Amino acid sequence: MRILEGEGVTKYFGGLAAVSKVDFHVDQGEIVGLIGPNGAGKTTLFNLISGALVLKSGVIRFKGAKITGLKPHQICRMGVARTFQEVKVFANMPVLENVLLGSFFGTSTGMSSADAVREAMGLLEFVGLSAVRATPAKDLTLVNQKRLEVARALATKPELLLLDELMAGLNPTETAEAMELVTRIRDKGITIIMIEHVMKAIMSVCDRIIVLHHGEKIAEGTPQGIATSKKVIEVYLGE
Amino acid sequence: MDSVRGISKKPFFLGLLLLILILLATFPLYLPGYPVMLLTSILMYIVLTVSWVIFSGPTGYMSLASAAFFGVGTYTSAILGEALPLPIVIGIGGLASFCVALLVGALTLRLRGIYFAIFTFGLVVLIQQLLLFWELHVTGTRGRFVIVVDHTTVYYAMLVIFVALMLTAYFIRRSKFGLALQSIGQNEEAAAHIGINVTLVKVITFAISASFMGAAGAIMATRWTYIDPYIAFNLLLSFMPVLMAIFGGMGQLYGPILGAIIFTYLKEELITRIPELYMLIFGVVLIAVILFLPNGLVGLIQKGWKRVSGGQHANT
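Quick look at the overall build of chain B
The number of helices and strands found in chain B is 14 helices and two strands. For 316 residues, the compact-globule formula gives about 20 Å, and the C-alpha radius of gyration of chain B, at 20 Å, lands near that figure. Each principal axis of the C-alpha atoms in chain B carries an extent, and together these give about 65 × 55 × 40 Å. Taken across its 316 residues, chain B has 40% of its residues classed as buried. For chain B, the share of sequence-separated contacts (at least 6 apart) that also reach a separation of at least 24 residues comes to 79%.

Overview of helix H14 (residues 296-308) of chain B
Compared with the 18 Å implied by 1.5 Å per residue over 13 residues, the 19 Å span of H14(B) between its first and last C-alpha is a close match. Where H14(B) is buried, its residues meet helix H11 (236-248), helix H12 (254-273) and helix H13 (278-292) of chain B.

So, the interface of chain B and chain A
At the junction of the two partners, chain B supplies 15 residues and chain A supplies 21 residues. With six residues, the single largest contributor to the side of chain B that touches chain A is helix H7 (residues 176-186) of chain B. Among the residues making up the side of chain B that touches chain A, the classes are represented as six nonpolar, seven polar and two charged.

What about the environment of B:Gln129?
All names here are of chain B. In this fold, glutamine 129 is placed in helix H5 (residues 113-139). The exposure class of glutamine 129 is partly exposed, given the 13 C-beta atoms found within 10 Å. Note: C-alpha distance between glutamine 129 and tyrosine 230 (101 residues apart in sequence) is 8.7 Å.

So, the sheet that holds strand S4 (residues 57-62) of chain A
Strand pairing in a sheet relies on backbone hydrogen bonds, with the paired strands running either antiparallel or parallel. Residue and element names in this part refer to chain A. In spatial order, the strands read S2-S1-S4-S5; together these four strands make up an open sheet with antiparallel pairing. The open sheet has two free edges, formed respectively by strand S2 (16-27) and strand S5 (65-66), since each of these has just one partner strand. Here strand S1 (residues 2-13) runs beside S4; their pairing, made up of five bridges, is antiparallel. Pairing of leucine 4 across the sheet is with phenylalanine 62, part of S4. Docked against the sheet, helix H1 (residues 42-50) engages S1, S2 and S4, running at close to 65 degrees with respect to S2.

Describing the environment of B:Phe55
All names here are of chain B. Counting through the fold element by element, phenylalanine 55 comes out in helix H2 (residues 34-59). Note: C-alpha distance between phenylalanine 55 and glutamine 302 (247 residues apart in sequence) is 24 Å. When residues no more than four places from it in sequence are discounted, the contact partners of phenylalanine 55 are Tyr61, Ser63, Thr205, Phe206 and Ser209.

Focus on the confidence of the model for chain B
Residue and element names in this part refer to chain B. Confidence in the prediction for chain B averages 88 pLDDT; 95% of positions are at 70 or higher. Ignoring residues within four places in sequence, the model shows residues 1-6, a span with pLDDT below 50, making zero contacts including any to other chains. Ignoring residues within four places in sequence, the model shows residues 311-316, a span with pLDDT below 50, making three contacts including any to other chains. With pTM at 0.89, the complex prediction returns an ipTM value of 0.91.

Quick look at the packing of H11(B) against H12(B)
All names here are of chain B. For the pair H11 and H12, interaxial distance at closest approach is 7 Å and the crossing angle is 115 degrees. When the axis of H11 is compared with that of H12, the two are roughly perpendicular. When you trace H11 past H12, the crossing you get is right-handed. Contact residues: H11 offers Leu243, Met244, Ala245, Phe247 and Gly248, while H12 offers Gly255, Pro256, Ile257, Leu258, Gly259, Ala260 and Phe263.

Conventions we followed
Residues numbered from 1 in each chain as written. Chains lettered and ligands numbered in written order. Predicted model: local features only at pLDDT ≥ 70, side-chain atom pairs only at ≥ 80, totals over all residues. Helix = DSSP H or I, 4+ residues; strand = E, 2+ residues; numbered from the N terminus. Rg over C-alpha atoms; globule rule 2.2 N^0.38 Å. Buried ≥ 20, exposed ≤ 12 C-beta atoms within 10 Å, placed from the backbone. Contact = placed C-beta atoms within 7 Å. Expected span 1.5 Å × (residues − 1). Nonpolar A, V, L, I, M, F, W, Y, C, P; charged D, E, K, R; others polar. Pairing = 2+ DSSP bridges. Axes fitted to C-alpha atoms, helices over the stretch in contact; angles between N-to-C directions. pLDDT = per-residue confidence, 0-100. Parallel < 35°, antiparallel > 145°, perpendicular 65-115°, else oblique. Left-handed = near helix turned anticlockwise from the far one by under 90°.

Here it is, written out as structure tokens:
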């Protein structure tokens, strides 16, 4: 089943087409990688899906329902969560409160405080942050702030999770842990789209890869297919 | 450990609050006259400051519209004061400011930082000048007389507004709504992406904060007996709450209260004793506070408390 699909998705910044007539789809349960050179429009596409930006033309559907034109909080409550390329944690709030906010406001039904706390604790355990739950988010290391963003996103009970460069700036051990985290999230039944420059991670974790270049989709396929595609090698991977 | 301390402290604090409330409620019985008027002024500034902090504290949106909301209340009182009983006039004053804030908030809360501050400042001048134009050219007057109410009644009305405001501020701070408000101040984009309707939360809080300022304006108008647009929409009333909040420190609810009390008292004393130096001394005090007490009086108290309690709670 298609959980997300976009038709002719287009966004201009001034005269520049940041994303141009991109058609894409994501099936339920997949991990889809979104790659491309800097400025290819990957994050812009995320912003269009999550409602941070409004697209100029085209349509995006989540579980068959049109979500273009909806506000970020509405899209979140429908079941789409995200993390950010530059981490956006609530810096002065304790780690636990960061996650609690997701539980309180991210679901359409809402939940009692006790349930929310229990769930937030569970999620901190899941991403490995239980020990620092009372620490202000700003005092965490980069990798832990990124984990916190994941936990906060998961607290909104998403069906689709958008991960924007989760592994950028992490060392090899941390990258391996992040890859393992991504597969554990998928095992919870959550569909994932991830933007990533770490090719090793993309190739081993993703079921399918979409390649953007200058705002256009230039290739799409399995990791093997992408790795051997002449066009992709030319513009992105290099010889 | 936190919860244990919380339990042992709670009855003490509740008792202290009750005592303060009883003292405030019986104050006019043993100290009538000028002290009641002074205390009314202090309560008015507390109301303005705490209302300002409810919105601008957690969100970081610096509003300079306090004078506008206060003025709307003042004019409500001038227009309706003779026709309706006082509590209803105060209620309508608050409601009118609530509505103005809803409208203004919906239009301007997308502005951030300095732009929002400048717009809210402009709002005060805009309403003031529009009103002046209207009064001069349509009603053919400049100012209006307000029905006089005795000082004790003004005091009690202000006390009721103050208590209602403190309860509101307390519950906002303790609620999920307050948490959402804080998250907006920390990172608005992230807040929107975890399901918080940031526009709604901001506009509602802005309006709640405005309604208390409006109510305070409605009752204060009766003390002034005569108002015109410059008195009602006095720009100083936009800056005072900001200064008092910074002076007191915004980390705790008692910070702005403390700031307002000391500031108002200082202001009244200086105006009556050394009027020619009043602004100068005021400025020096403010600069000293900003330079040496970045967290306001609250920061100083917490530091002192740590020293007294032997640094046991160094991390709290």
